[in-house]
Amino acid sequence: MPMSPEFKNRLAPILPQIVHKFGTPFHIYDEAGINQTCDELNLAFEKIQGFKEYFAVKALPNPSIMTLLKDKGFGFDCSSIPEITLSRNIGSQGEEIMFTSNNTSSQQFQKALEQNGSILNLDDISLISKLPEIPELICFRYNPGSRRTGNKIIGNPMESKYGVTHDQIVTAYKKARNLGVKRFGIHTMLASNELDYEYMVETADMLLTVIKQIHGTLGIQFDFINIGGGLGIPYTPGTPKFNLSAMALGITRSFEAFKKQNGWTPKLYMESGRFITGPHGVLVTSVINHKATYRNYVGVDTSMSALMRPGMYEAYHHIHIHGKENLTPLKKVDVVGALCENNDKFAVQRDLPATVEGDILVIHDTGAHGHAMGFNYNGQLRPKELLFKKDMGVELIRRAETMDDYFATLNFNPKTMGPI
Ligand SMILES: *Cc1c(COP(=O)(O)O)cnc(C)c1O
C-alpha cells in the first residue's frame, strides 16, 4: 500500500483549503505517521540494549522534521558538513551524529571533529592516518565484496566505491588501535529499498561474524554494529509492507546467541531514511494542461526538479486525483512536468480517470529522497514543504525557491586572473 489510508483520510477533507492557502506545488509531510513509524521502530528493537536509529539526513534534510525525529531519540547520519551543521542546529551533538562520508578531505574531518565532534565512519583504511586528531571512537565502513545484494540501486559491492575490504578490515582496526583509538564500531550499507527482512537479518549476522573474528585476532570489543539503512517501502499498490517485527525478532535472536557465545554484545545502530519518512509525504500539484498527440499527456505545475526518482530510476510513484479516486473510465496518460527532458514524467502510461485543469494530483511516497534530490536545471525552482501536524494544523517548513535564490550565486565580488 502506498500513502497510508489514515494519512489520506485525514488529509483529504482539508486538502482544497491547504491548496487555496499555500498554493501548489508542495510536498506535505504527516507528523502523526512519522511519529508512528518512529515508535514502531523503537518498540521493535526494545530488547536490544542501546538500539539507536541514525536518520539518514539526505532523505529529508528539513530541521522541523529532524526535530520530530530527535524527540524520538534518533541520531543523524550525515554525509557532508552541511548535513552535520543541520543536525547541530537542532541540538544534536557528539555521538548523536554519525559522519558517513566518502572521499573525504582533512578539512571535512576537522569540521566533523569540532564542537563536541561526531562519530567518524571511515570509508577507507588510509584515512585513519590522515585525521587531524585521533578520536576516542572510530568506525569503519565494511564492504564484504561478494554478497547477494537486493537490487539495482545498490549494485554489486565488488564494483562499489564504498568501504574497507574483507582482507583489509583487521589491519584497519589494528592501525586504529595502535594510534590510540579506544572504542570501535563497524558499519555497512548493502541495501536500498529492500523489502526482504531476511536480507537485513543476514546483514546483522554478517557484521556479528566479522566483529567476532576481529575480536579473536585483536581482542577488541565493539561498541556497536551499524547495519545501515535501505529498508524498503511499498511504492506500488499490492506490494506487502516490509516486515519490521520479523526483522527485529531475527536480529534480537542473533544478538542473544552472540551474547551467549561471547559474553558481551555490541549496541545496534541503524540508519534508515526512506523507511522513516518516505510513505509520510506526498507531492501535491495542479493540472494545468492536457495534450493529445501520439500519447495523451497531463501537464502539472511542477517538474522532476521536485521529485527525481521516476526520471532517474524509472521509479513508480502512485498517483491519485483528489476527489476522483473512484471515477471511471480510466485512460492511459503520461503525467509530465515542464522540463526540456523527456524523462520529466511522474507517470508513464498510467491508468487515470479524466482530469480537468485545476484538478489536484497527489503523488505518493515523496517523504524521502523527494524534495531533497531537487535541482535547478532548466531554471526550475524547488517547491515549498509543509508539515501536516497531528492537531490537523498545517505549517510552512520550507518556502519555495524564488528567482532571487536562483540568481544568488551570480551575486559575487569580481575576481579575475591574467592573461599570464
Ligand atoms: C542513502 C543512505 C542511507 C539511507 O538510505 P535509505 O534507503 O533512505 O534508508 C543510509 N546510509 C547511507 C550510508 C546512505 O548512503
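Fair warning: this is a prediction, and the values are worked out from it, not measured in the lab.

About the thresholds
Residues numbered from 1 in each chain as written. Predicted model: local features only at pLDDT ≥ 70, side-chain atom pairs only at ≥ 80, totals over all residues. Heavy atoms only, no water. Near = heavy atom within 4 Å. Polar contact = N/O pair within 3.5 Å; in protein donor to acceptor, adjacent residues only side chain to side chain. Areas by Shrake-Rupley, 256 points an atom, 1.4 Å probe, with all protein chains shown as cover. Nonpolar A, V, L, I, M, F, W, Y, C, P; charged D, E, K, R; others polar. Helix = DSSP H or I, 4+ residues; strand = E, 2+ residues; numbered from the N terminus. Buried < 20%, exposed > 50% of the residue type's maximum accessible area, 1.4 Å probe, protein only. Contact = heavy atoms within 4.5 Å. Patch = residues over 30% accessible without salt bridge, like charges linked within 9 Å, V, L, I, M, F, W, Y side chains within 5 Å. Salt bridge = Lys/Arg side-chain N within 4 Å of Asp/Glu carboxyl O. Axes fitted to C-alpha atoms, helices over the stretch in contact; angles between N-to-C directions. Parallel < 35°, antiparallel > 145°, perpendicular 65-115°, else oblique. Domains from an automatic or database assignment. Buried area = accessible area lost by both parts, 1.4 Å probe. Pairing = 2+ DSSP bridges.

Enquirer: Is there a simple way to explain the site of the ligand in this structure?
Expert: Around the ligand, 13 residues are found, and the nearest of them are Lys58, Gly230, Glu271, Arg274 and His369. One of the backbone N or O atoms of Gly230 is found 2.8 Å from an oxygen atom in the ligand. Gly273 has a polar backbone atom sitting 2.9 Å from an oxygen atom of the ligand. When the ligand is considered free in solution it has 390 Å² of accessible area, and contact with the protein chains removes 88% of it. For the shell around the ligand, the per-class residue count stands at two nonpolar, six polar and five charged.

Enquirer: Can you walk me through the environment of Pro16 in this structure?
Expert: Position of Pro16 among the secondary structure elements: in helix H2 (residues 15-22). Residue class for Pro16 comes out partly exposed when judged on its relative accessible area of 36%. Look past the residues within four positions of Pro16 in its chain and what remains in contact with it is His322 and Ile360.

Enquirer: Explain a nonpolar patch on the surface to me, please; I cannot follow it from the model alone.
Expert: Taken together, the side chains of Met403, Tyr406, Phe407, Leu410 and Phe412 present a nonpolar region at the surface, about 560 Å² in accessible area. By secondary structure assignment, the location of Phe412 is in the segment after helix H12 (403-407).

Enquirer: What exactly am I supposed to notice about the packing of helix H5 (residues 81-89) against helix H6 (residues 106-113) here?
Expert: When two helices pack together, you describe them by how their axes are tilted relative to each other and by the distance separating the axes. Relative orientation of the contacting elements H5 and H6 amounts to 10°, with a least axis distance of 10 Å. Classed by the angle they form, the pair H5 and H6 counts as roughly parallel. Across the interface between the two elements, Ile81, Ile84 and Arg88 of H5 pack against Gln108, Lys111 and Ala112 of H6. Of the residues contributing to the contact of H5 with H6, the split by class is three nonpolar, one polar and two charged.

Enquirer: Just checking my understanding: could you explain the domain arrangement of the protein for this structure?
Expert: By a widely used convention, the size of an interface equals the accessible area lost when the partners come together. Domain boundaries in the protein define domain 1 (93-272) and domain 2 (279-402). Facing seven residues of domain 1, the contacting portion of domain 2 comprises seven residues. Summed over both partners, the interface of domain 1 with domain 2 buries about 670 Å², with 65% contributed by carbon and sulfur atoms. Summed over the shared surface of domain 1 and domain 2, the number is zero residue pairs in polar contact (both at pLDDT 80 or more).

Enquirer: What am I meant to see in the sheet that holds strand E3 (residues 75-78) here?
Expert: Pairing between sheet strands relies on hydrogen bonds along the backbone, with the strands arranged either parallel or antiparallel. Read around the closed barrel, the eight strands follow the order E2-E3-E4-E5-E6-E7-E8-E9; overall the barrel is parallel. Averaged over all adjacent pairs, the angle separating strand axes in this sheet is 25°, with direction ignored. Taken together, the two bridges between strand E2 (residues 52-56) and strand E9 (residues 267-270) define a ladder with parallel strand orientation. From the neighbouring strand, Lys52 faces E9, where its bridge partner is Tyr269.

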